[in-house]
Each structure stands twice: as C-alpha cells, then as structure tokens.
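Geometric and topological summary
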Amino acid sequence: MEPKDLYTSWVETDLNAIEKNIRLITHITKSDVMAVVKANGYGHGAMPVAESALRGGATWCAVSQVEEAIILRQSGLNCPLLVLGFTPSARLSEAIEQDISLTFWNEEQIQEIMISAQAMGRKSKVHIRVDTGMGLLGAQPEAVEDIVRLTHGLEGVQLEGMFTNFARADEPEMDTTNQQFKTFLDLLSRLESAGLRPPIVHAANSAATLVNPETHLDLVRIGSAMYGFHSSPECLLPEGFFPALAWKTQLSQIKMLPPGRGLSYGHVYITQRNEHIGTLPIGYADGLRSIEGNKVLIRGREVPVVGRVSMDQCLVQLDSVPEAEVGDEVVLIGRQGEMQISAEEVAQRWNAINYEVTCGISARVPRLYI
Ligand SMILES: *Cc1c(COP(=O)(O)O)cnc(C)c1O
C-alpha cells in the first residue's frame, strides 16, 4: 500500500538523510555531537530521528521540555538526554528517575533538585545554563561561579555540564557571537582556576558548528543541520547535506467551474473563465498557513493554491495540469519529478523561518519514515 491509500496528508521523514547529515557533522568536529530533537524533532518525529542520529554518530540527544524527554525514555531511548529548558518542580523526581539531565540557572532550582534527588536516594545530573547575551534563559555570567561552588557541595547533584546559546551565529555579523563566546570563555577560565570546571562545556548550535570551529568545545548541539535546513538565508549548509522532510497530500476532488464562481470562505478568489479547480484535504489545522501565494507540486508542475485556506481544505487551480486526477500525489514540501519545494521557500512565502514551517505541521498529520 502507498501512503495515499491510508492517509489524507502525511509527512515522510528520510531517516537516511538524518543519519548522513549527522555523520557529516562528525567529520567536521572532534567534539561530541548532541542531536536536538525538541518539538517532535522539528516536526520530523522525535524518536526515529533520535535513533537515526545515534546511528550517525551522535552520542547525546536534547529536547526543550521534560515532557518530551520522558516520552523519549518511555519509547526506549537510552542515550544521555538533556532538557535544555525549564522543568516544573513536580516533574523533577520523574526526570531523575528516568536519568534525564536537567538544566538550571539559579540556586533555588538546584536546591529543589537536590531535595528531590536525596528523597529518592539518587543523583541528579545537571547542566548550568549561562546567559551570555541571548536574554532568553540562563544565569548571568557574574553569578555563575557562586552557583557552581554551591552545586559542587551538594549531595544528590552531579554538575555534568555548563552551556550557553548564541543569538546571531547564523548571521554574517560575527561580533555578537564573538562577544558572547569571550564572555563564556572568561567565565570558564575563572572556573578552571578555581578547580570548578564542569566536565562538559558546550555552546555551538548548527550555525556556530559550521562557521566557527573554536566554539565546538566539548560538545556541539545540532538541530537544523541534521534536518538538512539552512541555518538562515545567509548561513547555508555546505554540499552534501540533504533535507529529510517531505510533506504530501492528494487531490480529493476536481471540478470544472464556469466564470464568476466565488471560491472558499470570503469568496476572495473568483473564477475568470472556465477553470479546473482541485480540492486538497489539508488546511490550516494541518499547518498550512492561510496566506496568499501558497504553491504545491502536482504531476511535476507547480500549481497555485487559490482562495482562502480553510481549517481542513484548500483549493488549487489546475489549468496548467489538465490531466490531473483525483488521488494524484500533491507535494507541499519536497521533490516531485524535476521540481522541488523546500521548507526555506515556504518560509519565505510565509515571512517565517524554515524551522517554523516544519514545527507547525500539526500532530494530526501522521509521520511516516523511509
Ligand atoms: C534548538 C536549540 C539548538 C539547536 O539549534 P540549531 O540552530 O537548530 O542547530 C541548540 N541549542 C539550544 C539551546 C537550542 O534550544
């Protein structure tokens, strides 16, 4: 059976591409590789992506939320696993039980972690997150030495790592990254002098890994490059990386309509002549944004989406593919014949970034793995 026999729309993730993209990363760094599979692996499917990344040479995985980490553990993921973001207190014991490494950035958090770990007679692995200039999350660099000193003295806590995150590593402007990195290295050398260096120190995301080898330190955190995404229009992947995701649906109805017919909600599109109009069983509830200018591939040709995208359907103008039939495969992202629509191209139409496009493909769209 083909996917279209079973599904109205679906995502196909090429796990070989994930594995190969990670292997390419292991060739450009000697540092350990952490596969970032948050947000359901940027929409690609977290568990299969994690397993493929490990096959490709990654030794760590990371997610944003403890909920995501627990699901991965329940699915049988055994590798070192880090939660990069905030963990609610009532989840701490579950996380410690599952041997999930946690991120913290102040003394109250580490006290809470210690209490949970001690109550269980366990040790909790933790990474301190340092805000060197992103402003999203983390301890101020001046505060870190005291927090680390406190952490070293606590039973039930094992300080496993320290990390920061770059705000502008995907831009040609390098000053911000250099400044952030200098702040981080200065802190690191103060900790080293005090005999307090955490074992695993990390900073680089995909862009920094590709552009700035000095930032690799003990481990690099790879998201976008693993999925075959360019970090930004100004920070392109080198040769050899391939996008792993395709997003597809099928034609559910075709009709010939006379001139003057208003189509879909609001009748914002009105037929000008006799027009072939096709219906696709996909809408904004699947993650297709209701924005003018959407395009899809049918029979190897680019076809415009016309009228408003509704929750579950949208329409395409089929005059350039009069031979199209109900059941034809329709590509929203990916290849068909000689043609390709990339996540980057869709992002440009939506005034968004590639990450947002695939993360926005909703949970009701099944993920299939090839
Ligand atoms: C998402 C994330 C990454 C991965 O970033 P990419 O640009 O996709 O490689 C790395 N570090 C942190 C802290 C993240 O949240």
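Just so it is clear, the model here is predicted, and its values are computed rather than measured. Every chain is numbered independently, its residues counted from 1 as its sequence is written. Since the coordinates come from a predicted model, pLDDT governs what is reported: local features require at least 70, and pairs of side-chain atoms require 80 or more to be given and counted, while whole-chain, interface and lining totals use all residues. Excluded from the side-chain calculations are hydrogens and water; all other atoms, namely the structure's heavy atoms, are used.

Structural notes on helix H7 (residues 107–120)
Taking 1.5 Å as the rise per residue, H7 with 14 residues should run 20 Å; its terminal C-alpha atoms sit 20 Å apart, in good agreement. Exposed residues in this analysis have more than 50% of their type's maximum accessible area, buried residues have under 20%, and partly exposed residues fall in between, with area computed by a 1.4 Å probe over protein chains only. Each helix is a run of DSSP H or I of at least 4 residues and each strand a run of E of at least 2, with the numbering of both proceeding from the N terminus. Residues of H7 that are buried: Gln-109, Ile-110, Ile-113, Met-114, Ser-116 and Ala-117. Looking straight down H7, one finds that the buried residues subtend no more than 170 degrees of arc, so they occupy a single side. Away from the buried face of H7 by more than 90 degrees, exposed residues Glu-108, Ile-115 and Ala-119 are located. As for H7, its buried residues are in contact with helix H6 (92–97), strand E5 (102–104), strand E6 (124–129), helix H8 (141–152) and strand E7 (157–163). N-cap assignment for H7: the residue whose side-chain oxygen lies 3.1 Å from the backbone N of Glu-108 is Asn-106. One or two steps after H7, the chain reaches Gly-121, where phi turns positive at roughly 65 degrees. What a helix should span is 1.5 Å times the count of its residues minus one. Starting at the helix axis, one direction is taken to each C-beta atom, and the arc is that of these directions. Contacts are residue-level and defined by heavy atoms, with any inter-residue pair within 4.5 Å sufficient. Polar contacts, as counted here, are pairs of nitrogen or oxygen atoms within 3.5 Å of one another; within protein the pair requires one atom able to donate a hydrogen and one able to accept it, and residues that are adjacent in sequence qualify only if both atoms are side-chain atoms.

Points about the site of the ligand
Put simply, a residue is near a molecule or strand once any heavy atom of it comes within 4 Å of that molecule or strand. Surveying the vicinity of the ligand reveals the residues Val-36, Lys-38, Tyr-42, Leu-84, Asn-165, Asn-205, Ser-206, Arg-221, Ile-222, Gly-223, Ser-224 and Tyr-355. Taking Lys-38, its side chain carries an N or O atom lying 2.6 Å from an oxygen atom of the ligand. Arg-221 places a polar side-chain atom, nitrogen or oxygen, 2.7 Å from a nitrogen atom of the ligand. Computed with a 1.4 Å probe, the accessible areas rest on the Shrake-Rupley method; for each residue, only the protein chains presented here act as cover. Isolated, the ligand exposes 390 Å² of accessible area, and the fraction of that covered by the protein chains is 89%. Broken down by secondary-structure element, the contributors of at least two residues to the shell around the ligand are helix H3 (38–42) and strand E9 (219–222). Tallied by class, residues from the shell around the ligand come to five nonpolar, five polar and two charged. Any residue that is not Ala, Val, Leu, Ile, Met, Phe, Trp, Tyr, Cys, Pro, Asp, Glu, Lys or Arg is counted as polar, Gly included; the first ten are nonpolar and the last four charged.

Topic: the environment of Val-211
Turning to its location among the elements, Val-211 is positioned in helix H10 (residues 206–211). Overall, the relative accessible area of 40% leaves Val-211 in the partly exposed class. When the C-alpha atoms of Val-211 and Cys-235 are compared, they prove to be 8.3 Å apart, with 24 residues separating the residues in sequence. If we skip the residues at most four places from it in the chain, Val-211 touches Met-174 and Cys-235.

Focus: the pairing of strand E18 (residues 329–336)
Of all eight residues that make up E18, six are buried, and the element is covered over most of its length. Sheet analysis places strand E10 (residues 245–250) next to E18, joined by four bridges and oriented antiparallel. Along E18, the bridge assignment pairs Lys-248 with Val-331. Paired strands, in this sense, are two strands between which DSSP finds at least two bridges. Two elements, strand E15 (residues 295–298) and E18, share two bridges in a ladder whose sense is antiparallel. Bridging from a neighbouring strand, Leu-297 pairs with Val-331 of E18. The pairing of E18 with strand E19 (residues 339–341) spans three bridges and is classified as antiparallel.

As for the environment of Pro-141
If you trace the backbone, Pro-141 turns up in helix H8. The exposure class assigned to Pro-141 is buried, which follows from its relative accessible area of 7%. In this structure, the C-alpha to C-alpha distance between Pro-141 and Glu-275, residues 134 residues apart in sequence, is 63 Å. Those residues in contact with Pro-141 that lie beyond four places of it in its chain are Val-130, Asp-131, Thr-183, Leu-187 and Arg-190.

Re unusual backbone geometry
At Ser-264, a position not held by glycine, the phi torsion is positive, near 60 degrees. When its relative accessible area of 26% is taken as the criterion, Ser-264 is described as partly exposed. Residues other than glycine seldom take positive phi values, yet His-267 does so here, at roughly 50 degrees.

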